[in-house]
Amino acid sequence: MPFFPDIPKIQFEGPKSKNPFAFKQYNPDEVIAGKSMREQFRFAAAYWHVMRNGLADPFGGPTALMPWDDQSNSVDNALKRADVFFEFINKMDIDYYCWHDRDISPELNDLSKSNAALEKVTDHLLGLQKEHGKKLLWGTACLFAHPRYSQGAGTSPSAEVFAYGAAQIKAAMDATMKLGGEGYTFWGGREGYSTLLNTDMKRELDHLAALLHLAVDYAKTIDFKGQFYIEPKPREPSTHQYDSDSAACLNFLRQYDLMDHFKLNLETNHATLAGHTMLHEMTVAIDANALGSVDANQGDELIGWDTDQFPTDIYLTTSIMMKVLEMGGFTTGGLNFDAKRRRESHDPSDLFHAHIGGMDAFARGLKIAAAIREDGRLQNFVDKRYESWNSGIGAKIESKSISLAQINDHVLATGEPTLTSGRQEMLENLINDFI
Ligand code: XUL
Ligand code: CO
């Protein structure tokens, strides 16, 4: 029996369609920039938002209608949710999904019981994946919801809590491996502090690195070949989270000799909270050859928290896809809709409108980004802006074949430099010509 009986399989009908249950822009088989859209995006649905987010906010309880969910913490309820979820991603034509262990399977306050439940649920998910040809983009352990993690997991002051978190990670990695997951993510929700008055930051960071090294070592013993990611976010729920932005994450990975094993999973709204644009965060990561995957959403300009809205801003999706194309496309990663409906959008059908909108917005962004790259004027402008480095004094500085004294002689001989305009407004106009 279908759980979304009134909703058809979502298909591409083109920009003229007035059908709210159709893609207007996302045409999975259309080739853009050398790959089908399906391959360019590697869209994933987030299990936690689709199945487990009741749409509560800090001032009010859940509103989402989930007629299939008996609200119990039982394995049976978890198994049923998996069926609902697979009907959803099938109808949406989304190939991948992502989960936290405790979204798919209950926390039973006893590790061996929780693990046994996880085993049963992942048996079922494996069957559903095979039946419907779906894949796991990444798995992760939820080390922030249970009260035991209220003071952190890898950075908890308690070694026993660290150990519990590590054991939970072991089970989540086993489950990811079992489901053929292409990645494994660490988002340090409470890996930070509420006040420095009670915090030994150095020790906590050493412990967090130790946890990641334990996971890397364990991956070798089970032959897990998936990509590890860390996901930056500066705050919320902690006052300060150690993985605050791309630059902080890269510094941490380098300091603790983890660069070979990790890439970043960047989320748009986390970039905003860090006071950066997503373009900035992606540029920092790509320049370090460390962009792995993207949690696709957008924030609100007026609300100060992580609103995790579905991405609809074409300017934003264009800039994201320009960077994705620049790095040569996703390999292990993809675009995971870490996004939730507004609290008012409580109908199951709103899940469809939300994902359709996000996928169409990215399809437009991809087409625009590909056209801008094809046109070449933007890249030519940037190349030309730096051309003084290609020969003469610039080339000598870049190749480190000139001394400070020789540079001084050069300046004495050549005099005051002339600058060319940065032409920001002209370039903004150029982008708008394509949008
Ligand atoms: C929270 C967040 C997480 C991670 C996975 O802001 O983004 O859901 O993506 O733990
Ligand atoms: Co996220």
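Calculation criteria
Residue numbering note: each chain is counted from 1, following its sequence as written. Chain letters and ligand numbers both follow the written order, the letters beginning at A and the numbers at 1. Predicted model: local features are reported for residues with pLDDT of at least 70 only, side-chain atom pairs are reported and counted for 80 or more only, and whole-chain, interface and lining totals are derived from all residues. Excluding hydrogens and water, the side-chain figures rest on all heavy atoms present in the structure. Any residue with a non-hydrogen atom lying within 4 Å of a molecule or strand is treated as near it. Per-residue accessibility takes into account occlusion by the displayed protein chains alone, with areas from the Shrake-Rupley method and a 1.4 Å probe. The nonpolar class holds Ala, Val, Leu, Ile, Met, Phe, Trp, Tyr, Cys and Pro. Asp, Glu, Lys and Arg form the charged class, and all remaining residues, Gly among them, are polar. Residues enter patches when their relative accessible area tops 30% and they take part in no salt bridge; the joining distance is 9 Å for like charges and 5 Å for the nonpolar side chains Val, Leu, Ile, Met, Phe, Trp and Tyr. Here a salt bridge means any side-chain nitrogen of Lys or Arg lying within 4 Å of a carboxyl oxygen belonging to Asp or Glu. Helix and strand definitions follow DSSP, with helices as H or I runs of at least four residues and strands as E runs of at least two, each counted in order from the N terminus. Buried means the residue's accessible area, taken with a 1.4 Å probe over protein chains only, is under 20% of the maximum for its type, while exposed means over 50%, and partly exposed covers the values in between. Only strands joined by at least two bridges in the DSSP assignment are considered to pair. Using only the protein atoms, space was sampled on a 1 Å grid; points where a 1.4 Å probe fits but cannot get out form cavities, open sets with protein on both sides within 12 Å along at least five of seven lines form pockets, and lining residues are those with an atom within 4 Å of a point. Grid points are joined across faces, edges and corners, and a volume is the space filled by probe spheres set on the points. Sulfur atoms of two cysteines make up a disulfide when they are within 2.5 Å.

Asker: Could you clarify how one ought to interpret the site of ligand 1 in this entry?
Answerer: Around ligand 1 lies a shell formed by Trp48, His100, Trp138, Trp187, Glu231, Lys233, Glu267, His270, Asp295, Asp306 and Asp338. Summarising the interface, the protein chains cover 93% of the accessible area of ligand 1, which totals 290 Å² for the free molecule. Looking at side-chain class alone, the shell around ligand 1 contains three nonpolar, two polar and six charged residues.

Asker: Honestly, a nonpolar patch on the surface in this entry has me stumped. Any pointers?
Answerer: There is a patch of nonpolar side chains on the surface, built from Phe59, Leu302, Ile303 and Trp305 and spanning about 500 Å² of accessible area. Topologically, isoleucine 303 is positioned in the loop between β13 (291-295) and α11 (314-326).

Asker: I keep staring at the pairing of strand β6 (residues 96-100) and nothing clicks. Help me out?
Answerer: Both faces of the sheet carry side chains from a regular strand, because those side chains alternate between them. By the criterion of burial, β6 is predominantly enclosed, with five of the five residues buried. Bridge analysis of strand β5 (residues 43-46) against β6 gives three bridges, and the strand direction is parallel. The residue bridging alanine 46 from the neighbouring strand is cysteine 98, located in β6.

Asker: How should I be thinking about the pairing of strand β10 (residues 227-230) in this particular structure?
Answerer: Alternating positions in β10 separate into two faces, Gln227 and Tyr229 on one and Phe228 and Ile230 on the other, with burial throughout. By the bridge criterion, three bridges tie β10 to strand β12 (residues 262-267) in an arrangement that is parallel. Its bridge partner lying in β12, phenylalanine 228 is registered against phenylalanine 262.

Asker: Any chance you could explain empty space enclosed by the protein here in plain terms?
Answerer: Inspection of every chain in the model, using the stated rule, returns three cavities of 30 Å³ or more. Considering only enclosed or pocket space, the largest cavity measures out at about 160 Å³ in volume. Along the walls of the largest cavity sit 17 residues, with Leu143, Phe186, Trp187, Gly188 and Glu191 positioned nearest its centre. Among the elements of the structure, β8 (183-186) and α7 (201-222) are those that each provide at least two residues to the lining of the largest cavity. Across the lining of the largest cavity, the residue classes break down as eleven nonpolar, four polar and two charged.

Asker: So what exactly am I meant to see when it comes to the pattern of salt bridges here?
Answerer: Where charged atoms of side chains with opposite charge meet at close range, the side chains can pair. Scanning the entire structure with this criterion turns up 18 salt bridges. The shortest N-O distance in the salt bridge between lysine 202 and aspartate 206 comes to 2.9 Å. One end of the pair is lysine 202 and the other is aspartate 206, both in helix α7 and four residues apart, which spans about a single turn. Residue class for lysine 202 comes out exposed when judged on its relative accessible area of 53%. As a salt-bridge pair, lysine 233 and glutamate 236 come within 3.3 Å of each other at their nearest N and O atoms. Under the relative-accessibility criterion, lysine 233 is labelled buried at 5%. When salt bridges with common partners are traced through the structure, they connect Asp101, Arg102, Glu107 and Arg148 into a single cluster.

Asker: I keep staring at the state of the cysteines and nothing clicks. Help me out?
Answerer: Two cysteines joined by a covalent bond between their sulfur atoms form a disulfide. According to the stated counting rule, one finds zero disulfides in the structure shown. Here cysteine 98 stays unpaired: no disulfide links it, and the sulfur of cysteine 142, its closest cysteine neighbor, is 15 Å away.

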